[in-house]
Amino acid sequence: MADIITSARADGRTLLTEVESKQLLQEAGIPVAMAHLAKKPKKAVEIADELGYPVVMKIVSPDIAHKSDVGGVVVGLRDAKAVRKAYKEMMERVEEAAPNAKIDGVAIQTMAKQGTEVIVGSTTDPQFGPVLMFGLGGVFVEVLKDVAFRVVPLEGRDAKQMVREIKGLPILQGVRGQDPADLEAIESLILRVSDFIETHPEIAELDLNPVFAYPDGALAVDARIVLTEVPA
Amino acid sequence: MNVDRERLHRALNPKTVVVVGDKGPNYQWLSNMSEFTGQLYSVQLDEKEIPGIEEKGITNFKGLMEVPGDVDLVVCAVPRQVTPFIVADAVKKGVGGVAMFTSGFVETGEELGAQLQEKIVTAAREGGLPLVGPNCMGVYNRRLGVKFTNNQEQGEGGEISVISQSGTHGIAITVGAQHLGLPITRTISIGNAAVLNEADYLEYLRDDPDTSVIVMYLEGVRDGRRFAKLLREVTKVKPVIIWRGGRTKAGAKAAQSHTASLASDDAIWDALLRQAGAISADSLEEALDVLQCIVRLPRSSKRGLALIAMTGGQSVAITDQFEKGGFDVPELEQKSYDKLAEFFVTIGGSFRNPFDAASTIGRETDNLAKILDILSEDSHIEGVALEMQARDFDQGTERVDGQVELVLKYREKTGQPVVALMPEGSVGQMAPETITAARYYVAKKGVPVFPSFSRGAQALGRATRYWAWRDETGS
């Protein structure tokens, strides 16, 4: 854990890469779709072979905050050939869209089964310190701002309430014949994130976006961690 | 700083008060203390001011160090340049604490003000001196008659304490509550809260046996983490009403994450108050409204209300508002309907719940008594909201007394909350000033009363949610 943060600090970075962020989260017991760094196409194929197809490929760069904006995300790669091709094309796209970005390689992860998209995040409030947010993903968070906050540390009842506080709750409870999402799994993920944030004051911001909520379980599919400016 | 609790206690419950730097012609601070039950002294160097002080029968000294015996509270009203000397003397003399009225510090935004504040803060911290303020009205203690305005009452009673970042609002809450017959036991106007902060005062009130309900006016807090943690503890023992001023959507800043971009100051405050079980109020009225319910009514988290309005239109309006406030308006038990049918005038009236009752409840209270009797035996009903009539209040209090007596009897018998609503435009067409007078009269008799259905519904809703939170947390 300390290594990842120390090395980011040594590079003068506050934004951790997806691969780094997910490693920290996994160590904290937060269910996350692990992503593995590949610096070469050959390594990318090796990882994909090991994980099993289909896989997702995402650009890894400390300078790129929004990967899809630069064509840095490809999903549904079904075989080795597709992985090699995607690698080459992604490098070309990113090179064109962000010519000055330092590129570490790509992250390969198993293509997670689609679930209901939710967001779990944290930030540092100037008065109250770390706070946690929960909401439904996509337009619900971006346009409708249908989210709930709590001040860290959270108790069980806080997680329970914040999940039920959002207007979009019926979507999680299952509409139009959809299976209801596992609210307890979401609550447990929220509480683990609260613990994680409380024990790591060097984390200024965190976005798990999206987290896939399933009828059984929840999985953070993308993750981003921002460190504080000054080492805490 | 590490608060010396024993010293702070002396400052807030003083036996000896010294006012430093009061000025004529009004001698505001010394005059405020005219009902102080302890020993009052003045410190003033200015020869022009001394005769006026002595005329009031108050002994004046040239310096704090000359005052004989222990001093519990120094009220400091000197010009800002002089404050460092007063603080130094207060430390040397070992006074309980200083309430610093003097302003002109960080709140001015100028360099000199900030430097002076830094100076007195450092001296107070090093000397372990509890300093209230600066830039504040200081300390009110009802029982002891320590006041910062003449409107504050002196006497026994009071279980409500107030902490206010604004002197004006501290006074408004105190006096407003007094008008409702709710005596405030102590008010602390905390100003810049430079030495003692919001959390320090909250901690004091948590442990204060004279305080069972806390009202705060806050715009922001200095030690947010500690405040948040403490608030969660305190609300499990004592209700805390927080009127937050300066609400703003700003604070959500340009950030790298979605979460940070949505975390406005307002969103986080709302979250904290909910999480900590505090009662949130947006205005003075809301704070006083819910205060009535918290102090006067029995603890209840139940939501099934009987709504008694006087006309058909009002019975619709009262239902709209109480449903919006989170309440249910259940049907009564059949046995209640049977009993009501025996006397209730259903031509131009109704008793399904809500009640449309003016045709049944006339100038006599006999039928109101019967209705309340029936409701008290009905297992569907867990509380009552009653449109109380101010009719004839300009002729005498008898009619209102009758209604109040019945409400108090019902409350006593059932342990349920009852609120009274006395809106203008009610039956009887009384003049607004008569209705207002009747309302304060009812409030003083111990029945929470509101000038509109919506305010009553919101206030009772807030109180009910608070007690539900206590139930949930097993506290």
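For every chain, the first residue of its written sequence is number 1, and the numbers climb from 1 along that sequence. Chains carry letters and ligands carry numbers; both start at the beginning, A for chains and 1 for ligands, and go up in the order they are written. Side-chain atom pairs in this predicted model are given and counted only at pLDDT of 80 or more, local residue features only at pLDDT of at least 70, and totals for whole chains, interfaces and linings cover all residues.

Side note on the overall build of chain B
So the rule is basically this: Each helix is a run of H or I in the DSSP string that is no shorter than four residues. Each strand is a run of E no shorter than two, and both are numbered from the N terminus. Partly exposed residues are those falling between the two cut-offs: more than 12 but fewer than 20 other C-beta atoms within 10 Å of their own, whereas 20 or more means buried and 12 or fewer means exposed, with C-beta atoms placed from the backbone.
For chain B, the count of helices and strands is 17 helices and 17 strands. Looking at chain B residue by residue over its 475 residues, the buried ones come to 51%.

Examining the overall build of chain A
Defined as follows: Note on method: radius of gyration uses C-alpha positions; expected globular size equals 2.2 Å times residues raised to 0.38.
What chain A contains, in helices and strands, is eight helices and 10 strands. Taking 17 Å as the expected radius of gyration for a compact globule of 232 residues, we find that chain A reaches 18 Å, a close match to that expectation. In terms of principal-axis extent, the alpha carbons of chain A reach across some 50 × 50 × 30 Å. Of all 232 residues assigned to chain A, the portion counted as buried reaches 45%.

Remarks on the domain arrangement of chain B
All names here are of chain B. Our working rule: As annotated, the domain borders come from an automatic or database domain assignment. A pair of residues counts as a contact when their C-beta atoms, built from backbone coordinates, are within 7 Å of each other. Amino acids outside the nonpolar list (Ala, Val, Leu, Ile, Met, Phe, Trp, Tyr, Cys, Pro) and the charged list (Asp, Glu, Lys, Arg) are all regarded as polar, and Gly is one of them.
If you check the domain split of chain B, you get domain 1 (1-135), domain 2 (136-296) and domain 3 (298-472). At the interface, 32 residues of domain 1 touch 23 residues of domain 2. Contributions of two or more residues to the side of domain 1 that touches domain 2 are made by helix H1 (5-12), strand S4 (73-76), strand S5 (97-100), helix H5 (111-126) and strand S6 (131-132). Looking at the side of domain 1 that touches domain 2 element by element, the count peaks at four residues for H5. Across the side of domain 1 that touches domain 2, the residue classes tally to 22 nonpolar, seven polar and three charged.

Section: helix H17 (residues 453-472) of chain B
Residue and element names in this part refer to chain B. The condition that has to hold: A helix's residues, less one, multiplied by 1.5 Å, set its expected span.
Here H17 spans 28 Å end to end across 20 residues, near enough to the 28 Å set by a 1.5 Å rise per residue. Looking only at H17, the buried set comprises Phe453, Arg455, Gly456, Ala457, Gln458, Ala459, Leu460, Arg462, Ala463, Thr464, Tyr466 and Trp469. Of the residues trailing H17, glycine 474 is marked for its positive phi of about 60°.

What about the sheet that holds strand S7 (residues 138-141) of chain B?
All names here are of chain B. So the rule is basically this: Each pair of strands is called paired provided DSSP finds at least two bridges between the two strands. Comment: axis = line fitted to C-alpha atoms, over the contacting stretch for helices; angle = value between 0 and 180 degrees taken between N-to-C directions.
In space, the six strands of this open sheet follow the order S7-S9-S8-S10-S11-S12, with mixed pairing throughout. For this open sheet the edge positions go to S7 and strand S12 (279-281), each flanked by a neighbour on one side alone. Each strand of the sheet is rotated relative to its neighbour by a mean of 15°, with strand direction disregarded. Pairing between strand S8 (residues 160-164) and strand S10 (residues 213-218): five bridges, direction parallel. Within S10, the position partnered with serine 164 by the bridge is tyrosine 217.

Describing the sheet that holds strand S4 (residues 105-110) of chain A
Residues and elements named next belong to chain A. Read from one edge to the other, the open sheet built from four strands follows the order S1-S4-S2-S3, with strand pairing classed as antiparallel. Looking at which strands have only one partner, the edges of the open sheet turn out to be strand S1 (35-38) and strand S3 (73-77). Between one strand axis and the next, the sheet turns by 25° as a mean value, whatever way the strands run. In this sheet, S3 lies alongside strand S2 (residues 55-60) in antiparallel orientation, the contact comprising three bridges. Each bridged residue has a counterpart across the sheet, and for valine 55 the counterpart in S3 is leucine 77. Sheet strands in contact with helix H2 (residues 18-27) are S1, S2 and S4, and its direction is about 145° off that of S1. Where helix H4 (residues 80-97) meets the sheet, its contacts fall on S2, S3 and S4, and the angle it forms with S2 comes to roughly 30°.

What about the domain arrangement of chain A?
In terms of domain boundaries, chain A breaks down into domain 1 (35-110) and domain 2 (116-227). Domain 1 of chain A and domain 2 of chain A are separated by 27 Å when their C-alpha centres are compared.

What to know about the pairing of strand S2 (residues 39-43) of chain B
Moving residue by residue along a regular strand, the side chains alternate between the two faces of the sheet. Residue and element names in this part refer to chain B. As a reminder, the rule being used: The path from the first strand over the helix to the second decides the hand: if it runs clockwise while the strands point away from the viewer, the crossover is right-handed.
The buried count for S2 comes to four of five residues, which makes it a mostly enclosed element. Bridge count between S2 and strand S3 (residues 59-61): three bridges; the pairing is parallel. Bridge pairing in S3 links tyrosine 41 to threonine 59. Where the polypeptide runs from S2 across helix H3 (residues 50-55) and back to S3, its parallel neighbour, the crossover connection is right-handed.

What to know about the nonpolar core
Our working definition: What we call a nonpolar core is a set of buried Ala, Val, Leu, Ile, Met, Phe, Trp, Tyr and Cys residues whose membership is set by joining through C-beta atoms within 7 Å.
If you look at the biggest cluster of nonpolar residues, it comprises 228 residues, and the most contacted ones within it are Met57(A), Val211(A), Val74(B), Val75(B), Val98(B) and Leu291(B). Every residue in contact with Val98(B), bar those within four places of it in the chain, is listed here: Val74(B), Cys76(B), Val87(B), Ala90(B), Leu129(B), Leu131(B) and Val132(B).

Quick look at the packing of helix H11 (residues 284-296) of chain B against H17(B)
All names here are of chain B. Cut-off, in case you're wondering: Working rule for angles: under 35 degrees goes down as roughly parallel, over 145 as roughly antiparallel, 65 to 115 as roughly perpendicular, anything else as oblique. With the far helix as reference, a near helix turned anticlockwise by less than a right angle produces a left-handed crossing, and one turned clockwise produces a right-handed crossing.
Look at H11 against H17: their axes get within 8 Å of each other, and the N-to-C directions meet at 60°. On the basis of the axis angle, H11 is oblique to H17. The element H11 and its partner H17 pack so that their crossing is right-handed. Of the residues in H17, those in contact with Glu285, Glu286, Asp289, Val290, Gln292, Cys293 and Ile294 of H11 are Arg455, Gln458, Ala459, Leu460, Arg462 and Ala463. The residue inventory of the contact of H11 with H17, partitioned by class, reads six nonpolar, two polar and five charged.

Quick word on the environment of Cys76(B)
All names here are of chain B. Its location among the elements puts cysteine 76 in strand S4. Separated by 33 residues in the primary sequence, cysteine 76 and valine 43 place their C-alpha atoms 9.5 Å from one another. The residues contacting cysteine 76, other than those within four sequence positions of it, are Val20, Gly21, Thr83, Ile86, Val98, Ala99, Met100, Phe101 and Thr102.

Section: helix H14 (residues 366-376) of chain B
Residues and elements named next belong to chain B. This is how the line gets drawn: Directions drawn from the helix axis to the C-beta atoms are what define this arc.
Of the residues making up H14, those classed as buried are Leu368, Ile371, Leu372, Ile374 and Leu375. Buried residues of H14 fall within an arc of 160° about the axis and therefore sit on the same side. Those residues of H14 that are buried are in contact with strand S13 (305-309), helix H13 (334-341), strand S15 (383-387) and helix H15 (398-414).

Some details on the confidence of the model for chain B
How we decide: A residue's pLDDT is the confidence the predictor assigns to it, expressed on a 0 to 100 scale.
For chain B, the average pLDDT comes to 94, and 98% of its residues sit at 70 or higher. Prediction confidence for the complex, expressed as pTM and ipTM, is 0.93 and 0.87 respectively.

A closer look at the interface of chain B and chain A
In this assembly, 19 residues from chain B lie in contact with 25 residues from chain A. Breaking the side of chain B that touches chain A down by element, the ones donating at least two residues are helix H8 (224-234), helix H9 (258-262) and helix H10 (265-276) of chain B. Considered class by class, the residues forming the side of chain B that touches chain A number 10 nonpolar, seven polar and two charged.

Observations concerning the packing of H14(B) against H15(B)
Residue and element names in this part refer to chain B. Here H14 crosses H15 at 15°, and the two axes come no closer than 10 Å. In terms of orientation, H14 lies roughly parallel with respect to H15. Once H14 is placed against H15, the crossing between them reads as right-handed. Residues Leu368, Ala369, Leu372 and Ser376 of H14 form the contact with H15, whose participating residues are Gln403, Leu406, Tyr410, Lys413 and Thr414. By residue class, the composition of the contact of H14 with H15 is five nonpolar, three polar and one charged.

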